[in-house]
Amino acid sequence: MIEASKLKAGMTFETTDNKLLKVLEASHHKPGKGNTVMRMKLRDVRTGSTFDTTYRPEEKFEQAIIETRSAQYLYQMDSTAFFMDTENYEQYEIPVANIEQELLYILENSEVKIQFYGTEVIGITVPTTVELTVTETQPSIKGATVTGSGKPATLETGLVVNVPDFIEEGQKLIINTAEGTYVSRA
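Residues numbered from 1 in each chain as written. Predicted model: local features only at pLDDT ≥ 70, side-chain atom pairs only at ≥ 80, totals over all residues. Heavy atoms only, no water.

### Quick look at the side chain of S5
And then number 1: Residue placement: S5 occurs in the loop between β1 (2-3) and β2 (12-14).
And then number 2: On the accessibility criterion, S5 (18% relative accessible area) is buried.
And then number 3: Ignoring anything within four residues of it in the chain, the contact list for S5 reads H28, M38 and P57. (Helix = DSSP H or I, 4+ residues; strand = E, 2+ residues; numbered from the N terminus. Buried < 20%, exposed > 50% of the residue type's maximum accessible area, 1.4 Å probe, protein only. Contact = heavy atoms within 4.5 Å.)

Set out below in structure tokens:
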């Protein structure tokens, strides 16, 4: 059991009504009157819905034990993404709605980690940085420096990031997956 005050972003817990929730954001809040509460932004792992709620800091929850396995992203068909375990070649299907953000950072045949709660597939974890190619951006500006305000660039997965002015179409970039930001050229 874990107290609400100890829950941090990225942790997963189970409620008394058997909902499996992942913490996206958590903060202490002390209103002018009354007791301290924990404000949380949570995502229901099974349905993919996101919501905000508050808990008393002393409320206790069952912390979910999440197991991960290496897998390869195969392809996406309709509203399902297909993955293959790299050890036993077993295939897993995950609804695209549950992993929409993660799919912006991976290409077909990319290595990921699949998350399991018991035998149930609940999501994926992508590497901390990925290498993606720029498919569309404004032409580079002669004499542009790194300190410029930047410009938007669309990458091969559909992700749009702000990049320095000297970046051109066709260049490979290293992207930080935690924040969705440009790191450097590959």
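### Looking at the pairing of strand β7 (residues 67-77)
And then number 1: Bridging between β7 and strand β10 (residues 111-117) involves 6 bridges; their strand directions are antiparallel. By the bridge assignment for β10, S70 is matched with K113.
And then number 2: Adjacent in sequence and paired antiparallel, β7 and strand β8 (residues 80-85) are bridged by 2 residues, among which D78 carries a positive phi angle near 55 degrees. (Pairing = 2+ DSSP bridges.)

### Looking at the UniProt feature "domain: Translation elongation factor P/YeiP central" (unreviewed entry) in the chain
And then number 1: Here the UniProt-annotated "domain: Translation elongation factor P/YeiP central" (unreviewed entry) positions come out as residues 68-122.
And then number 2: Each end of residues 68-122 is marked by a C-alpha atom, and these two atoms are 10 Å apart; helix forms 7% of the span and strand 56%. (UniProt positions renumbered as here; feature names shortened; annotations may be inferred.)

### Concerning the sheet that holds β7
And then number 1: If you walk across this open sheet you meet the 5 strands as β9-β8-β7-β10-β11, and the pairing is antiparallel. The sheet is open, and its two borders are formed by β9 (91-95) and β11 (120-125), each paired with just one other strand. Shown here is a sheet whose adjacent strand axes are inclined to one another by a mean of 45 degrees, direction ignored.
And then number 2: Pairing between β7 and β8: 6 bridges, direction antiparallel. Bridging across to β8, M77 finds its partner in T80. (Axes fitted to C-alpha atoms, helices over the stretch in contact; angles between N-to-C directions.)

### What to know about the packing of aromatic side chains
And then number 1: One pass over the structure, following the stated rule, counts 6 aromatic pairs.
And then number 2: Ring geometry for F13 and F61: centres 4.7 Å apart, planes at 45 degrees, overall tilted. One end of the pair, F13, is in strand β2; the other, F61, is in strand β6 (residues 60-63), with 48 residues separating them in the sequence.
And then number 3: F61 sits in the buried class, given a relative accessible area of 7%.
And then number 4: With centroids separated by 5.2 Å and ring planes inclined at 45 degrees, the aromatic side chains of Y73 and F83 adopt a geometry described as tilted. Within this pair, whereas Y73 is found in strand β7, its partner F83 is found in strand β8, the two being separated by 10 residues in sequence. (Phe/Tyr/Trp six-rings, centres within 6.5 Å; stacked < 30°, edge-to-face > 60°.)

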